[in-house]
Amino acid sequence: REKNEKYKTWMPRFLMAKEEKDQRKSSDDVERNFFKVKKSSSEKNKKMEEEEKFFRETFMYDKEINVISTATAECSVPSKRRVDLPVTAGEQLDVIDVVEGSAVICRNSEGRYGYVLVEHLNFR
C-alpha cells in the first residue's frame, strides 16, 4: 500500500463527493443497469399483449380498446370465474366498456381484463 492509502480516513458512501462515486462505477455497470430496465419493460409489454389477445378471444371483443373512465375499487373481490377480474380495495381500474346488467369491463394496472360489478367501483 501507498502511504496515502494507509492513512486515508474511512467515510461512508453517502458522505463522499459525487465525483468520487462516479469514478468507482465502471461503464459496464451502467450498461448492465440500462439493459435490465429495457428487458423488464419489454417483458411487461409482451405480457400485456398476451392479456389483450386472451381478452379479445374470450370476450369476442373486436372493437378498439378505449378507456371510458377510471374507477377505484371500494372493496376486495376475488374472481369466481376467469372472465371476472379480481380487485383489491383502492386499486385503480380503467373502464373499457359497459355491458348489459350491472357489470363493466375493466383493465387493471397489470393489463388483465375482466368483468367487475358497478357496485364495487367508485367513480370520481
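On a predicted model such as this, the values are computed, not experimentally measured, just so you know.

### Here we look at the nonpolar core
In terms of nonpolar packing, the biggest core is built from ten residues, these being A71, A73, L85, V87, L93, V95, V104, C106, V116 and L121. Secondary structure elements with two or more residues in this core: strand 1 (69-73), strand 2 (92-98) and strand 3 (103-107). The next biggest cluster of nonpolar side chains, apart from the first, holds eight residues, and it includes F55, I96, I105 and Y113.

### A word on unusual backbone geometry
With a phi close to 50°, M60 is a non-glycine residue in the positive phi region. Examined against the element boundaries, M60 turns out to sit in the loop between helix 3 (27-59) and strand 1.

### Overview of empty space enclosed by the protein
Scanning all chains against the criterion turns up one cavity of 30 Å³ or more. Here the largest cavity defines a volume of roughly 40 Å³. Top contributing element to the lining of the largest cavity by residue count: helix 3, with four residues. Grouping the amino acids of the lining of the largest cavity by side-chain chemistry returns five nonpolar, no polar and two charged.

### Considering the sheet that holds strand 1
Strand order in the open sheet formed by five strands is 4-3-2-1-5, with antiparallel pairing between adjacent strands. On the outer flanks of this sheet lie strand 4 (113-117) and strand 5 (121-123), each paired with one strand and no other. Each adjacent strand pair in this sheet contributes to an overall mean axis angle of 50°, direction not counted. Examined bridge by bridge, strand 2 and strand 3 share four bridges and lie antiparallel to one another. Looking at strand 3, one finds that V98 is bridged to V104.

Cut-offs applied
Residues numbered from 1 in each chain as written. Predicted model: local features only at pLDDT ≥ 70, side-chain atom pairs only at ≥ 80, totals over all residues. Heavy atoms only, no water. Core = buried A, V, L, I, M, F, W, Y, C linked by side-chain atoms within 4.5 Å. Buried < 20%, exposed > 50% of the residue type's maximum accessible area, 1.4 Å probe, protein only. Helix = DSSP H or I, 4+ residues; strand = E, 2+ residues; numbered from the N terminus. 1 Å grid on protein atoms, 1.4 Å probe; cavity = no way out; pocket = protein on both sides within 12 Å on 5 of 7 lines; lining within 4 Å. Points joined across faces, edges and corners; volume = space filled by probe spheres on them. Nonpolar A, V, L, I, M, F, W, Y, C, P; charged D, E, K, R; others polar. Pairing = 2+ DSSP bridges. Axes fitted to C-alpha atoms, helices over the stretch in contact; angles between N-to-C directions.

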